[in-house]
Amino acid sequence: MTTRTRFAPSPTGYIHVGNVRSALYPYLIARQSGGKFILRIEDTDQARFVDGTEELIKDTLHWLGLDWDEGPVLSGAGETGDRGPYHQTERREIYLKWAREMIGKGLAYADPYTPEQVQAFRDQAKAEKRAFLYRDHRPENPPEWHLGMPLRFKTPEIKRYTWHDAVMGELSAGPEALDDFILIKADGLPTYNFAHIIDDFEMNVTHVIRGAEYVASTPKYLSLYEALDIAPPILAHVPHILAPSGNKKLGKRDGAKSVSEYRDEGILPEAMLNFLAQLGWNDGTDQDVYSLDELIEKFSLDRVQKSGARFDEQRLIWLNGQWIRRLSLEDLYARVQNYWPASAKTASEAYKKQVLALTQDRLKTLRDLPLLTSYFFEEPTRDESLISNNKQLKKLSPEEISDLLDIVKTEFEKLDDWTSEAIQICLNQLLEITGQKPGVLFSLIRIVVTWAPFSPQLNDTLALIGKETMMARLERFNP
Ligand code: GLU
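The structure presented is a predicted model; accordingly, all values stated were derived computationally and were not measured.

1. Notes on the site of the ligand
Now for step 1: All residues in the neighbourhood of the ligand are listed as Arg 6, Ala 8, Pro 9, Ser 10, Glu 42, Tyr 192, Arg 210 and Tyr 214.
Now for step 2: Here Arg 6 contributes a side-chain N or O atom positioned 2.7 Å from an oxygen atom of the ligand.
Now for step 3: Here an oxygen atom of the ligand sits 2.4 Å away from a polar atom, N or O, in the side chain of Tyr 192.
Now for step 4: Isolated, the ligand exposes 290 Å² of accessible area, and the fraction of that covered by the protein chains is 82%.
Now for step 5: Considered class by class, the residues forming the shell around the ligand number 4 nonpolar, 1 polar and 3 charged.

Here is the structure:
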């Protein structure tokens, strides 16, 4: 049987990193077995529907390279695949057909109660200190069902379920986990609980890979599979993503941004995928950096951890730095297009590439580019704190600084061969002439020429800035 996996997001506005991990794992499973990866839009919750989310989802998946074989097409309307429609709101008739069959078989009943009556049942259960279950209130003679009324599943057998989860292992839950849940809501649309089971079946889905929040409902689903005589797909519930503190589920307030925000900040898709894959999975080695192809080769559900995975943004940024280093200069140059400082606008491509080659190893996100490079293109703004916060330099008096810089100017004035190598020789001579340590002399030169907290190697930096600019900056400085 061909492996068929799906990512089934609800278009409710925001795409949390956890949502994307729920796309990556099924994608990897499909690709490693030559199967199909399906995108299905679960848009039956009209109250939570946010227009534009579907585009955001598609763009995000595409940006990450997680292209799907079936589902809505990347741009515009339209779908591809022969098991559609892939939007649940366009599948109403399918659910209604199943629902009517279930009524015919005595597997579903019209819910006759008003919200007030249900509340009274709840209050009564609470007063009697027992769990509220709809199945305790099944009407003896339910009214005939018609659209506009909620339709409930009539759980045929109240019993214990034991099942295997590809991540969580053997699981079991008693009858208390079973209840008569809603199949079709009053608005005529199905619930997630009903729709996903029908869709996964009709779309021949072999693996349901989703968040651990669905484990608790699994007995209800198993009971519906059984009632419908459908063999359940492989179930895999992936662990929650925890806040950096590790003691609660990651929420918007814990600093986790949407994937598009990370993209705008200059996180590479390679780093994002690498990071998400490892949020709860490892291959048992201490390898850190994985390409998508390697993930396809190495990923397996049985090495996904059962316990929550802590979200560590610093690790994402570190991985991003690792990925930036791995890019060819040409590739990196193409990707940083929108990140240069404004002052780089008039600079030549060749000069910008030289600047980039020097800073590539230090870039953690593409958005760091102005901070690391602006002094190559514009006069830096003097920042006195760089001297006053420097342990060595703050010990020097303004006169001492001035004297040192005079020597520097004199020696560099003599240098005509403005190459990194010649500059390095001159810098070494300056150490001898002044009797200073590199930590003092080189820091001083670097600060006065760049006014940046760090720079690439000094000789390379000075070589690229050029003699004229460097001399002018030394000249302008007045300690
Ligand atoms: N629409 C559900 C969600 O976004 C999908 C869960 C599933 O993968 O079945 O949580």
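Okay, back to it.
2. Focus: the packing of aromatic side chains
Now for step 1: Inspection of the entire model under this criterion finds 17 aromatic pairs.
Now for step 2: Where Trp 98 meets Phe 201, the ring centres are 5.7 Å apart and the plane angle is 85°; that geometry is what we call edge-to-face. Linking Trp 98 in helix H3 (residues 92-104) with Phe 201 in helix H5 (residues 192-202), this pair joins segments that are 103 residues apart in sequence.
Now for step 3: A relative accessible area of 10% places Trp 98 in the buried class.
Now for step 4: When the centroid spacing of 5.4 Å and the interplanar angle of 85° are considered together, the rings of Phe 275 and Phe 311 count as edge-to-face. Here Phe 275 is found in helix H8 (residues 269-277), whereas its partner Phe 311 is found in the loop between strand E13 (309-310) and helix H10 (313-326), with 36 residues between them in sequence.

3. Here we look at the environment of Lys 394
Now for step 1: One can find Lys 394 in the loop between helix H14 (385-388) and helix H15 (398-414).
Now for step 2: By relative accessible area, Lys 394 is classed as exposed at 51%.
Now for step 3: For Lys 394 and Arg 310, which are 84 residues apart along the polypeptide, the C-alpha to C-alpha distance reads 42 Å.
Now for step 4: Setting aside chain neighbours within four positions, we find Lys 394 in contact with Ile 387 and Ser 388.

4. Brief notes about the pattern of salt bridges
It is possible for side chains of opposite charge to pair when their charged atoms get near one another.
Now for step 1: In this structure the tally under the stated criterion is 32 salt bridges.
Now for step 2: One salt bridge in this structure joins Asp 199 and Arg 40, with 3.6 Å as the shortest N-O distance. Here the residue Asp 199 occupies a position in helix H5, and Arg 40 occupies one in the loop between strand E2 (36-39) and helix H2 (53-64), the gap between them amounting to 159 residues. In this pair, the class of Asp 199 matches that of Arg 40, namely buried.

5. Re the environment of Thr 2
Now for step 1: Looking at where Thr 2 falls in the secondary structure, it is placed in the segment before strand E1 (4-7).
Now for step 2: As a C-alpha pair, Thr 2 and Gly 34 span 32 residues in sequence and 7.7 Å in three-dimensional space.
Now for step 3: Setting aside residues no more than four positions away along its own chain, Thr 2 makes contact with Gly 34, Gly 35 and Thr 206.

What counts as what
Along each chain, residues carry numbers from 1 onward, in the same order as the chain's sequence is written. Two thresholds apply to this predicted model, a pLDDT of at least 70 for residue-level local features and 80 or more for giving and counting side-chain atom pairs, whereas whole-chain, interface and lining totals are computed over all residues. Note: side-chain values were computed over all heavy atoms of the structure, leaving out hydrogens and water. Whether a residue is near a molecule or strand depends on its heavy atoms: if one lies within 4 Å, it is near. Counted as a polar contact is a pair of N or O atoms within 3.5 Å, where, for protein atoms, one must be capable of donating a hydrogen and the other of accepting one, and residues adjacent in sequence contribute only when both atoms are in side chains. Surface exposure here means Shrake-Rupley accessible area, sampled with a 1.4 Å probe, where a residue is shielded only by the protein chains that are shown. Residues are sorted three ways: Asp, Glu, Lys and Arg are charged, Ala, Val, Leu, Ile, Met, Phe, Trp, Tyr, Cys and Pro are nonpolar, and all the rest, Gly among them, are polar. Two rings belonging to Phe, Tyr or Trp (six-membered ring only in the last case) form a pair when the distance between their centres is within 6.5 Å. Interplanar angles under 30 degrees mark stacking, angles over 60 mark edge-to-face geometry, and anything in between is tilted. Secondary structure elements follow DSSP: runs of H or I of four or more residues count as helices, runs of E of two or more count as strands, with numbering from the N terminus. Classification of residues uses two cut-offs on accessible area relative to the type maximum, computed with a 1.4 Å probe and protein chains only: under 20% is buried, over 50% is exposed, and between them is partly exposed. Should any heavy atoms of two residues lie within 4.5 Å, those residues are counted as being in contact. The term salt bridge refers to a pairing of a side-chain nitrogen on Lys or Arg with a carboxyl oxygen on Asp or Glu at a separation within 4 Å.

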